[in-house]
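# Geometric and topological summary
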Amino acid sequence: MIRGSEDVPGDLWGRPGTDRLLSALGTVVSAYRRISVFSGRRRPPVTPVTRERELVVDQVRTEAEDVVSLRLVVPREQGGGRDGNVLPRWRPGAHIDLVLPSGRMRQYSLCGDPADATAYRVAVRLLQGGTASREVHDELRPGSRVTVRGPRNAFPLATADSYLFVAGGVGITPILPMVRAAEAAGAEWRLVYTGRTLAAMPFLDELSALDDGRIWIRPDTEYGMPASGAELLERAPAGAAAYCCGPNPMITSLRLDRQGSRVGSLHFERFAPPPIVDGAPFEVELARSGRTVIVPADRSALEAIREVVPDVAYSCRQGHCGTCAVGLRAGTVDHRDSVLTEAERERTMMICVSRSPDRVVLDL
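Residues numbered from 1 in each chain as written. Predicted model: local features only at pLDDT ≥ 70, side-chain atom pairs only at ≥ 80, totals over all residues. Heavy atoms only, no water.

Before going further, it helps to examine the overall build of the chain. Along the chain, the regular secondary structure elements total seven helices and 19 strands. Counting all 364 residues of the chain, 55% fall into the buried class. Taking all contacts inside the chain whose residues are at least 6 apart in sequence as the whole, residues at least 24 apart take part in 68%. Approximately 15800 Å² of the chain is accessible, and the part contributed by carbon and sulfur atoms is 48%. (Helix = DSSP H or I, 4+ residues; strand = E, 2+ residues; numbered from the N terminus. Buried < 20%, exposed > 50% of the residue type's maximum accessible area, 1.4 Å probe, protein only. Contact = heavy atoms within 4.5 Å. Areas by Shrake-Rupley, 256 points an atom, 1.4 Å probe, with all protein chains shown as cover.)

The strand order across the open sheet formed by six strands is E7-E6-E9-E4-E5-E8, and the pairing between neighbours is antiparallel. Where the open sheet ends on each side, the last strands, each with one partner, are strand E7 (105–109) and strand E8 (120–125). Strand after strand, the sheet turns through a mean of 40° between neighbouring axes, direction not considered. Note: strand E6 (residues 95–99) against E7, five bridges, orientation antiparallel. (Pairing = 2+ DSSP bridges. Axes fitted to C-alpha atoms, helices over the stretch in contact; angles between N-to-C directions.)

Before going further, it helps to examine the nonpolar core. The nonpolar side chains of a soluble globular protein tend to be buried with one another. Core analysis: the largest hydrophobic core is formed by 29 residues, its most contacted members being Tyr163, Phe165, Ile172, Ile175, Trp189, Leu191 and Tyr243. Tallying contributions element by element places helix H2 (residues 172–184) first for this core, with seven residues. Setting aside chain neighbours within four positions, we find Ile175 in contact with Phe165, Val166, Ala167, Leu191, Tyr243, Cys244 and Cys245. Grouped together as the second largest cluster of nonpolar side chains are 25 residues, Val293, Val339, Met349 and Val360 included. (Core = buried A, V, L, I, M, F, W, Y, C linked by side-chain atoms within 4.5 Å.)

A word on the side chain of Glu63. Along the chain, the position of Glu63 falls in strand E4 (residues 52–64). Using a relative accessible area of 12% as the deciding quantity, one classes Glu63 as buried. With residues up to four places along the chain from it excluded, the contact list for Glu63 reads Val68, Ser69, Arg121, Met201, Pro202 and Phe203.

This brings us to the pairing of strand E11 (residues 188–195). Counting buried residues along E11, six of its eight residues qualify, which places the element largely inside the surrounding structure. In this structure, strand E10 (residues 162–168) lies alongside E11, joined through seven bridges in parallel fashion. Considered in E11, the bridge of Gly168 is made with Thr194. At this point the chain moves from E10, through H2, to the parallel E11, and the crossover so formed is right-handed. The pairing of E11 with strand E12 (residues 215–219) spans five bridges and is classified as parallel. In the sheet register, Gly195 faces E12, and the bridge partner there is Pro219. (Right-handed = clockwise from strand over helix to strand, strands pointing away.)

A word on unusual backbone geometry. The omega angle of the peptide bond from Gly150 to Pro151 is 10°, so this bond is cis rather than trans. Following the sequence through the fold, Pro151 ends up in strand E9 (residues 145–152). In this model, Asp66 sits at a positive phi of 65°, which is unusual for a non-glycine residue. In this fold, Asp66 is placed in the loop between E4 and strand E5 (67–73). At Phe203, a residue that is not glycine, the phi angle is positive and equals roughly 70°. Summarising the element assignment, Phe203 is placed in the loop between E11 and helix H3 (204–208).

The next thing to look at is the packing of aromatic side chains. Applying the stated rule across the entire model yields five aromatic pairs. Considering the side-chain rings of Phe155 and Tyr243, the 5.8 Å spacing of their centres and the 55° angle between planes classify their relative orientation as tilted. Placement of the pair is Phe155 in the loop between E9 and E10 and Tyr243 in strand E13 (residues 240–245), with a sequence separation of 88 residues. With respect to class, Phe155 is no different from Tyr243; both count as buried. Plain terms: the ring middles of Tyr163 and Tyr243 are 6.2 Å apart, the flat faces sit at 50° to each other, and that makes the pair tilted. (Phe/Tyr/Trp six-rings, centres within 6.5 Å; stacked < 30°, edge-to-face > 60°.)

It is worth spelling out the side chain of Arg149 at this point. Looking at the secondary structure, you find Arg149 in strand E9. Judged by relative accessible area, which is 19%, Arg149 ranks as buried.

A word on the confidence of the model for the chain. A low pLDDT score tells you not to read the predicted coordinates there in detail. Per-residue pLDDT for the chain has a mean of 84; in total, 84% of the residues score no lower than 70. This model gives residues 6–50 a pLDDT under 50, and the stretch forms 136 contacts once residues within four places in sequence are excluded. (pLDDT = per-residue confidence, 0-100.)

To continue, consider the environment of Phe282. Locating Phe282 in the fold gives a position in strand E15 (residues 282–286). Phe282 gets classed as buried once you look at its relative accessible area, which sits at 3%. Linking Phe282 and Ile294, residues twelve residues apart in sequence, is a C-alpha distance of 6.1 Å. Setting aside chain neighbours within four positions, we find Phe282 in contact with Val293, Ile294, Val295, Ala301, Met349, Ser354, Arg355, Ser356 and Asp358.

The strand order across the open sheet built from five strands is E16-E15-E19-E17-E18, with neighbouring strands paired in mixed fashion. The open sheet terminates on both sides in strands that have one partner only, identified here as strand E16 (291–295) and strand E18 (348–350). Taking the axes of each pair of neighbouring strands and ignoring which way they run, one obtains an average angle of 40° across the sheet. With four bridges connecting them, E15 and strand E19 (residues 359–362) associate as parallel partners. Looking at the pairing, Leu286 lines up with Leu362 of E19.

Put into structure tokens, the structure is as follows:
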């Protein structure tokens, strides 16, 4: 997940709104860091966090078409259950790393109640060709065991007098706790919630309890096409802090149309990597098999390699989790990750984002 925002004075909970870099995610990589960008500026790193625990699936619930939520609790033998052991607290915008029984790891926003210290809730949309989402939908049941890392927050809600929240589809997951926090704080707020169809939009029932004219539910099927950035922004209170989570086209349109709008700042999170716009083709030799993979200008090395090595490990696809670290045997790398140290870059490549001007040889 990638986040972006302007620098902010603090979050709703009185802590600094700027994040510190988090690290130490196991033996494969030496650091786990996040990057937030707005107008070309990097935000400071987040404090290192090394929490990891086994949790059990307490409930699986269908929230919308192809979307299920998981309620995760501490195992009963460790004092868990609905009234059991207390989990680390979190704030709106936080996420966890969910390690599935297969070993696949994906990041999901927490979308439950931050005041509930007995459980975490995440929601997962079934993606076409998505191995992790398919595993969640087909194999996780009450009683299933998973590993959770975090929670961490690289998308914090800043203190403001007014807010505009914009969510696209399952992007409602980090936004839902933000809306509730803004309501509890007595702030002025509006929510624009878009999706392909009403049936595909999760948590509509929970939002109905908050809707007194401040929420605009906008399914594409009723309006004929996705909304423009200007249309999404026009309901903002004057000077509002705008928070958006959704697909790349939505975020791009908001950023393009922000100038001249009523919003005072724009903060965003997206779950898919941004398109590659400055790439050039290069070759990857897989040392263990001797095969050579051609990486097109508009695709990542990860995508190209997965066509011949489908089980290669990955998670965020944006260069900040370290899961796709691969040993570098030869060649020049244009490093685009936010994880590796300079020393590590001499022998490692993050294949989800980094590229080469010509050819690399990898330990695959």
